[in-house]
Amino acid sequence: MRSSSKSLQDGKVKGETTPVSVLFAVSEIYPWVKTGGLADVACYLPQALREIGMDVRVVVPAYRSLMAQIHDYRVCTETRLPEAGIRYRLLEIMLPDSQVPVYLVDIPELYDRPGGPYTDPGGTEWPDNALRYAQFCRVIVAMTLNQAGLHWHPDLLHCNDWHTGLAPALLKAGGSNQPVVFTIHNLAYQGNFPYEIFRLLRLPAGFWSSESMEFYGSMSFIKGGLVYADRLITVSPSYALEITTPEYGNSMDGLLVHRQETLSGILNGVDYRHWDPRHDPFIWHHYWTDSLDIRRLNKLELQEELGLDRNPDAVLLSHISRLTGQKGIDLILYGLTDLLPDRNVQMVVLGTGESVYETGLLTAASARLGQVAVCMYFNEGLAHRIQASADILLMPSRFEPCGLTQLYALRYGNIPVVCTTGGLADTIIDVNEQTLSAGTASGFRFPDPTTSSLVTAFRRALDMCRSPGPGWHNLLRSAMQKDFSWNNSARRYAVLYDELVRVSPSRPAVQSHRTIPSDPGPVPGW
Ligand code: ADP
Ligand code: GLC
């Protein structure tokens, strides 16, 4: 890796960085539209970057559910995409309690629908997702090139995940020198679509090549980012290494090895203004390391809220996640008898996802009324309350690019039991004699994503939790005091932006930008 990559991984931040203007393109953003950690990153990282002087502005699609929550937006521009002819409006609003402007791309025929950002109300992917995000990317490119009528354009474009992957491709293939950063939050989601859709999107013919966006007979949106961005970032250093191997590379490992010089990891962070048990508005009783007894009151409240047996002595296990194979909920289900050895261990699961896991959880809950609570919906406040009440967070992820849930759990004293992978390996320090006496321990790690490995680590945690003496509370204190604030990560991104903007040749004037030749053919908007 280049020395600059090393300095990012080592955590050293160079002295001064110059203020850079950045367009941060992303498909979801807390508090308006959230399906997972990406929304948290989109909300909190731009704020942290603003605080260190970067002019960061976010762009997201104007989904119906988002529009229903906002009223005081400003219409900045109403225009057409030059090559696709689609009309769009750019609306501007400030992210709540921040200095971060957010641009909403308003194309009603694509985004004004019920349901989630990616799926209909029944959870089925929208059939025209390729078109929805292709047009989003075209608008991102127009904004980057100052062709959207905004009177503002960025020095640098920062794209996130597959939904924005076409933007670097369109930008660079169009001859722009504008620097582009692409953050991989999850390589498992690639935005792969068949050739027929590639044709319908009228993308440049040259994109259908293995050096470009073609990927084993499909068109891959994420490959647009991986091939064309100047720098690739993943959300933890370990995941940056893992994705260059066949085991974790999702068939992109060859390409990522090829681009290894440009690839590095910057850990996500936590916004402690919103995630802190001392002042969290979602929880019943505030507490800190010197008032851990108060924490037990939250457990009683949660037991009441979720219909669990009222039992202050019960050890409460928790799992908060999208219920997918990634998160290893099946390992929990298989291990249930060992994880719940007696009525003095309870479990709460908050999550939605694949029906096979939902069914398994419902069966488990109905067989253990009062001992297992399953909440199959998305509820931000409940996620906070579980963190403030549970004793142990189970996170047996098969892979985890970063993971925010375990970072939040640390701050709330909900001790993580995690598989040693990706960001979990980078953020959780295993309990052993040495780490306990050094006061650095923060959780329990296990090496492989198997039920037996999970159960072994869990038993270590349970034994310690049930042992008399101050050991468990000392562990809570050391976990709660870990600092994963966004400021550290933002400073690393700032160094990266600074480097890229400095080396980038002076940007071509807007007029000199040539429009990328699209394939003639089917009209957009199929
Ligand atoms: P991922 O992004 O892979 O889903 P992370 O751990 O990075 O995993 O982030 C998950 C985020 O989503 C956290 O903020 C977590 O609290 C939240 N979350 C997940 N499921 C739910 C749910 N059902 N209700 C509320 N919050 C949830
Ligand atoms: C992804 C990853 C998760 C990460 C989040 C935010 O959804 O699965 O590990 O924390 O993005 O970067």
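Residues numbered from 1 in each chain as written. Chains lettered and ligands numbered in written order. Predicted model: local features only at pLDDT ≥ 70, side-chain atom pairs only at ≥ 80, totals over all residues. Heavy atoms only, no water.

(A) Broad picture of the overall build of the protein. The helix and strand inventory of the protein stands at 21 helices and 18 strands. Taking 2.2 N^0.38 as the reference for a compact globule, 526 residues should give roughly 24 Å; the C-alpha atoms of the protein span a radius of gyration of 23 Å, in line with that estimate. Projected onto its principal axes, the C-alpha coordinates of the protein cover approximately 75 × 50 × 45 Å. The contacts in the protein between residues at least 6 apart in sequence include a share of 71% that link residues at least 24 apart. Surface exposure of the protein reaches about 19,800 Å², of which carbon and sulfur atoms provide 51%. The distance from the centre of the 45 positive side-chain charges to the centre of the 54 negative ones in the protein is 4 Å. (Helix = DSSP H or I, 4+ residues; strand = E, 2+ residues; numbered from the N terminus. Rg over C-alpha atoms; globule rule 2.2 N^0.38 Å. Contact = heavy atoms within 4.5 Å. Areas by Shrake-Rupley, 256 points an atom, 1.4 Å probe, with all protein chains shown as cover. Lys, Arg positive; Asp, Glu negative; His and termini not counted. Charge placed at Lys NZ, Arg CZ, Asp CG, Glu CD.)

(B) Spatial organisation of the packing of aromatic side chains. Per the counting criterion, the structure on display carries 17 aromatic pairs. Both rings, one in Trp162 and one in Phe221, keep their centres 5.4 Å apart while their planes meet at 90°; by these two values the pair is edge-to-face. In this pair, Trp162 sits in the loop between strand E6 (156-160) and helix H6 (166-173) while Phe221 sits in helix H8 (residues 221-228), placing the two residues 59 residues apart along the sequence. Ring centres of Phe193 and Phe221 lie 5.5 Å apart, and the angle between their planes is 70°; this geometry places the pair in the edge-to-face category. Linking Phe193 in strand E8 (residues 192-193) with Phe221 in helix H8, this pair joins segments that are 28 residues apart in sequence. For Phe221, a relative accessible area of 0% puts it in the buried group. Grouped by ring-pair contacts, the aromatic residues Tyr118, Tyr133, Phe136, Trp162, Phe193 and Phe221 constitute a single cluster. (Phe/Tyr/Trp six-rings, centres within 6.5 Å; stacked < 30°, edge-to-face > 60°. Buried < 20%, exposed > 50% of the residue type's maximum accessible area, 1.4 Å probe, protein only.)

(C) Molecular detail of the sheet that holds strand E9 (residues 214-215). Ordered by their spatial adjacency, 3 strands build an open sheet running E8-E10-E9, and the pairing between neighbours is antiparallel. Among the strands making up the open sheet, the edge pair consists of E8 and E9. Relative to strand E10 (residues 218-220), E8 is paired through 2 bridges, and the arrangement is antiparallel. Across the sheet, the residue bridging to Phe193 is Met219, located in E10. (Pairing = 2+ DSSP bridges.)

(D) A look at the pattern of salt bridges. Applying the stated criterion across every chain, the model contains 25 salt bridges. Asp106 is the salt-bridge partner of Arg89, the closest N and O atoms lying 2.9 Å from each other. Here Asp106 lies in strand E5 (residues 101-106) and Arg89 lies in strand E4 (residues 87-94), a separation of 17 residues in the sequence. Assessed through its relative accessible area of 11%, Asp106 is described here as buried. Among the salt bridges present, the one from Arg411 reaches Asp276, with a minimum N-O distance of 3.1 Å. Of this pair, Arg411 sits in helix H16 (residues 405-412) while Asp276 sits in the loop between strand E12 (263-265) and helix H11 (292-306), and the two are 135 residues apart along the sequence. Assigned by exposure class, Arg411 and Asp276 land together as buried. (Salt bridge = Lys/Arg side-chain N within 4 Å of Asp/Glu carboxyl O.)

(E) Structural view of the site of ligand 2. Inspection of the region around ligand 2 gives 14 residues, with His185, Asn268, Glu400, Cys402 and Gly403 positioned closest. Contact between ligand 2 and Asn186: an oxygen atom at 3.3 Å from a side-chain N or O atom of the residue. Contact between ligand 2 and Gly403: an oxygen atom at 2.8 Å from a main-chain N or O atom of the residue. Computed on the free molecule, ligand 2 has an accessible area of 310 Å², of which 93% lies beneath the protein chains in the complex. Looking at the shell around ligand 2 residue by residue, the class counts come to 6 nonpolar, 6 polar and 2 charged. When residues are assigned to domains, the shell around ligand 2 turns out to be shared by domain 1 (20-269 + 487-502) and domain 2 (292-480), each giving three or more. (Near = heavy atom within 4 Å. Polar contact = N/O pair within 3.5 Å; in protein donor to acceptor, adjacent residues only side chain to side chain. Nonpolar A, V, L, I, M, F, W, Y, C, P; charged D, E, K, R; others polar. Domains from an automatic or database assignment.)

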